[in-house]
Amino acid sequence: MNTDFSTIAFSKAPDGLVPAVVQDATTHKVLMLGYLNQEAFEKTQAEGKVTFFSRSKQRLWTKGETSDNFLYVQSMAVDCDGDTILIKATPAGPTCHTGADTCFDEKNEGKALFLNYLQKQIIRERKNNPTDASYTSQLFSRGINKVAQKVGEEAVEVVIEAKDTNDDLFKDEVADLLFHLLVLLEYKNVDLDEVIDVLSSRHR
């Protein structure tokens, strides 16, 4: 990810405006496209809310300034030519003025991609750069038997809570099971995508 913002070619862009693609940081859905000048970019950086330069209003425009449907910045990157910005953001509501989730009239649903992030960015980091303060690092250090045992224990807890009526406790136990299953996959050097490929192949 290129975060060298000095490469953004505002001076070479028409009217000093560089296009910015806004993507949901969790679902990866493209939410909208807008234009930033240098001032809008700096305001976006400083306040953590996406601010564009409105070509129709000829002024800075913070998305959500009238609707409160702000786009909260999670990260920004620049493309290889310095002429397009990628903003990953968390929307506070519908992005489009029509009330649609995105300006392309698509549903912005599903957070399963977070599981990929959890395995590849968080759990893998704890595995490769262990610290004594990390529970995940401690699991890896205790070996395959302990990791597999934890998966079994959490699976039993899910079964127990499934038979009860407390949905919050049930969801907590399912979350614990998913987390420990991802740790087991990482221990075995198996990517979650490989398991998804198996599931997908069964439905062709």
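Residues numbered from 1 in each chain as written. Predicted model: local features only at pLDDT ≥ 70, side-chain atom pairs only at ≥ 80, totals over all residues. Heavy atoms only, no water.

Going by what an unreviewed UniProt entry lists, the protein chain is known as Histidine biosynthesis bifunctional protein HisIE and is assigned to Rhabdobacter roseus. Of the protein chain, the UniProt comment under Subcellular location (unreviewed entry) reads exactly: "Cytoplasm". (UniProt positions renumbered as here; feature names shortened; annotations may be inferred.)

J.: Before we go on, may I ask you to explain the packing of aromatic side chains in this structure?
T.: Any pair of aromatic rings gets described here by the distance separating the centres and the angle formed by the planes. One pass over the full model with this rule turns up six aromatic pairs. Aromatic pair F10 and F41: ring centres 6.1 Å apart, planes at 55 degrees, arrangement tilted. One end of the pair, F10, is in the segment before β1 (18-24); the other, F41, is in helix α1 (residues 38-47), with 31 residues separating them in the sequence. For the pair formed by F10 and F41, the shared burial category is buried. Members of the aromatic cluster, each reached through a chain of ring pairs, are F5, F10 and F41. (Phe/Tyr/Trp six-rings, centres within 6.5 Å; stacked < 30°, edge-to-face > 60°. Helix = DSSP H or I, 4+ residues; strand = E, 2+ residues; numbered from the N terminus. Buried < 20%, exposed > 50% of the residue type's maximum accessible area, 1.4 Å probe, protein only.)

J.: Sorry, what's going on with helix α5 (residues 167-187) here?
T.: The periodicity of an α-helix, 3.6 residues per turn, causes residues three or four positions apart to be oriented the same way. Its 21 residues give α5 an end-to-end C-alpha distance of 30 Å, which sits within 8% of 30 Å, the value for a rise of 1.5 Å per residue. Of all the residues in α5, the buried ones are E173, F179, H180, L182, V183, L184, L185 and E186. Packed against the buried residues of α5 are α2 (113-128), α3 (135-141), α4 (144-162) and α6 (192-201). Its side-chain oxygen at 3.1 Å from the backbone nitrogen of D168, N166 defines the N-terminal cap of α5. Within two residues after α5, N189 carries a phi angle of roughly 60 degrees, on the positive side. (Expected span 1.5 Å × (residues − 1). Contact = heavy atoms within 4.5 Å. Polar contact = N/O pair within 3.5 Å; in protein donor to acceptor, adjacent residues only side chain to side chain.)

J.: Where do I start with the packing of α2 against α5 in this structure?
T.: Two measures define how a pair of helices packs: the angle their axes make with one another and the distance between the axes. The contact between α2 and α5 brings their axes to 10 Å, and the two run at 60 degrees. Classified by the angle their axes make, α2 and α5 are oblique. Remark: the crossing between α2 and α5 carries right-handed chirality. Residue-level contacts link L115, L118, Q119, I123, R124 and K127 of α2 to F179, L182, V183, L185, E186 and Y187 of α5. Tallied by class, residues from the contact of α2 with α5 come to eight nonpolar, one polar and three charged. (Axes fitted to C-alpha atoms, helices over the stretch in contact; angles between N-to-C directions. Parallel < 35°, antiparallel > 145°, perpendicular 65-115°, else oblique. Left-handed = near helix turned anticlockwise from the far one by under 90°. Nonpolar A, V, L, I, M, F, W, Y, C, P; charged D, E, K, R; others polar.)

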